[in-house]
Amino acid sequence: MIVNGAVFTANMDSPWAQAVAMDGGLITAVGTTAQVLAEFPGAEVIDVGGRTVLPGMIDAHNHFLATGESLATVDVRYPAVRSVDDLVAVIAQAVAAKADDSYVRAYGFDHAKYERTPTRWDLDSVTGRHPVVIGHVSGHYVLANTIAMEERGILESTPDPPGGRLDRDELGRLTGLFQDTAIGMVQPTAIDIGHHGPNFHVVADMSDLVSSVERAGSAYLAAGLTTVCDAQVTSRELSAYQVARKQGRLLVRTVCMPLSHQLSNFEAIGLSGPFGDEWLSIGPMKFYCDGSLIGGTAAFSVPYGKSGEFDGVFFWEADELAAAIERAHRAGWQIGVHAQGDKAIGIVLDAFERAQGAFTVDDPRFRLEHAGFPNPELLARMKELGVIAVVQPTYLHDSGDDFLERLPTRAHALLPLRTAIDLGIRVVLSSDSDVVSYRPLDTISAAVLRRSISGQVLGPHEVITLEEAVLAHTIGAAYAVRAEDRIGSLEVGKLADLVVVDGDLFGCDPTEISGLKMFLTVIDGQIVFRST
């Protein structure tokens, strides 16, 4: 049992306690230290000395396997890489360490923070015969050198694919920047997902995939995550999770959101989520509408960018998306759709209305993934439809300064969490790792502060309280994956997943939240992480 803690249960009928007892993988008591000690006098006791105790943190929108892969690749994230010259220098160093002509992959470039957009010619200057592909921090772009393009048969005449773009300079030449569905054209991919999303499902051995699952899982446990929902799963990811589970290397509970290109396959066997067990399950089906807010391909009703150059990318025609969503809805799927800009959000809400109007489902729990810029009219529609807003406030920290340049006044209306909660919309906090930090305390900090890297506050009227943020990352996130009866709060009979923060989360200054670490992480009543 855990005693002498400041226990926030996320059960709002009884939100605070001091102790939690666990047995057989379940919570058996929640109460004062004296009460719980008296009820279970022979139990093993861990005195946490006043530290904050929370339900195990749940990340309802995370790219689990992709995060593990990014942790092992060449890191070109900001602030270590601040310019095109920095990027080229890191790639040159990586190439020097490789065998002749071997493939070089890197991840995390963010050209919005550079003096200009890098090109294939920048990479060509240091890469020789090595094919090089660098993933953008958003997951919606890659930058490739000329050799990588030639190996994949990319020519100057190659057309844009549906839902993607090949960037060209003022002379019409390919620059090496590939957007959204086009990223699958220039790197060896294991799965053909067509126009259904950005294809970052690169070829890899199963042993490497399972190692990535384990690598990410270890990092998640140290951060206090006990359940994650992978928001883009193909047979590649699901197979890796199954093998990892068999080998004892799936370290956190995992919910999979199958990508929509697999809808027909699931229909053929009559399967829809939720399906699985407490450790590995299939959850909602994932669709894409528009592109990336960070990458500049989100679809707004008024284009954005310093010169209004970003008009958005769509993965589907609106009618086709609505028809596919209706099919999935009729087949019994909970549905989550990526939509960032207000134009895209409107299209998705139209589709939800059409699906529910054609085939009424009790408690459909439609999910809007990201919900970056819902205007007041869209928020009212979200409330009416019972749409869950699965949001990532860490964007405001990592890219807030870029948003203020690209969206000026509109930047203060991004992620209107206070307004949404006050309207009664269920808001769920998540990371979108590996786009931003997977640490829940970073996510929570961003939601209560809304401060950019430079310290500018985006939409101060949209801050939420610490309690609201924790609820949105625990019981709210459990609701988003239809698991609120089993996880997300500390209540008798629920699975014994909890975390102990190494400090006083609710008593510290809000600016100190992201600096706190985890003291213990517990899953099924077993300590799976202990700080040293």
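Now for a look at the structure at hand. (Residues numbered from 1 in each chain as written. Predicted model: local features only at pLDDT ≥ 70, side-chain atom pairs only at ≥ 80, totals over all residues. Heavy atoms only, no water.)

## Quick notes on the sheet that holds strand β7 (residues 52-55)
Strand order in the open sheet formed by six strands is β3-β2-β7-β24-β25-β26, and the pairing between neighbours is mixed. Two strands in the sheet have a free side with no partner beyond their single neighbour: β3 (16-17) and β26 (526-530). Here four bridges tie strand β24 (residues 498-501) to strand β25 (residues 518-523), and the two strands are oriented antiparallel to one another. Considered in β25, the bridge of Val-499 is made with Thr-521. (Pairing = 2+ DSSP bridges. Helix = DSSP H or I, 4+ residues; strand = E, 2+ residues; numbered from the N terminus.)

## What to know about the sheet that holds strand β12 (residues 141-144)
Neighbouring strands of a sheet are bound in pairs by backbone hydrogen bonds; such pairs are parallel or else antiparallel. An order of β9-β10-β11-β12-β14-β13 is seen for the six strands of this open sheet, with the pairing classed as mixed. The open sheet terminates on both sides in strands that have one partner only, identified here as β9 (74-75) and β13 (164-168). For strand β10 (residues 104-109) and strand β11 (residues 132-136), the ladder comprises five bridges, and the chain directions are parallel. Within β11, the position partnered with Val-104 by the bridge is Val-132. Here helix α4 (residues 120-127) sits on the sheet in contact with β11, β12 and β14 (174-180), set at roughly 115 degrees to β14. (Contact = heavy atoms within 4.5 Å. Axes fitted to C-alpha atoms, helices over the stretch in contact; angles between N-to-C directions.)

## Quick look at the nonpolar core
Phe-287 and Phe-352 are the most contacted members of the largest nonpolar core, which has 109 residues in total. Ranked by residues supplied to this core, first place goes to helix α11 (residues 342-358) with eight residues. Apart from residues no more than four positions distant in its own chain, Phe-287 is found in contact with Ser-260, Trp-316, Leu-321, Ala-324, Ile-325, Ala-328, Ile-335, Gly-336, Val-337 and His-338. (Core = buried A, V, L, I, M, F, W, Y, C linked by side-chain atoms within 4.5 Å. Buried < 20%, exposed > 50% of the residue type's maximum accessible area, 1.4 Å probe, protein only.)

## Observations regarding unusual backbone geometry
Residues Gly-273 and Pro-274 are joined by a peptide bond in cis, for which omega reads 0 degrees. One can find Pro-274 in the loop between α9 (263-269) and β17 (275-276). Between Ser-433 and Asp-434 the backbone carries a cis peptide bond, its omega angle lying at 20 degrees. One non-glycine residue, Arg-365, lies in the positive phi region at around 55 degrees. Here Arg-365 lies in the loop between α11 and β21 (367-370).

## Description of the packing of helix α15 (residues 440-449) against helix α16 (residues 466-473)
It is the contact of α15 with α16, at a shortest axis distance of 9 Å, that shows an interaxial angle of 135 degrees. Put simply, α15 runs oblique to α16. The two elements α15 and α16 cross, and the hand of that crossing is right-handed. Residue-level inspection shows Pro-440, Thr-443, Ile-444, Ala-447 and Val-448 of α15 in contact with α16, the latter providing Leu-466, Ala-469, Val-470 and His-473. (Parallel < 35°, antiparallel > 145°, perpendicular 65-115°, else oblique. Left-handed = near helix turned anticlockwise from the far one by under 90°.)

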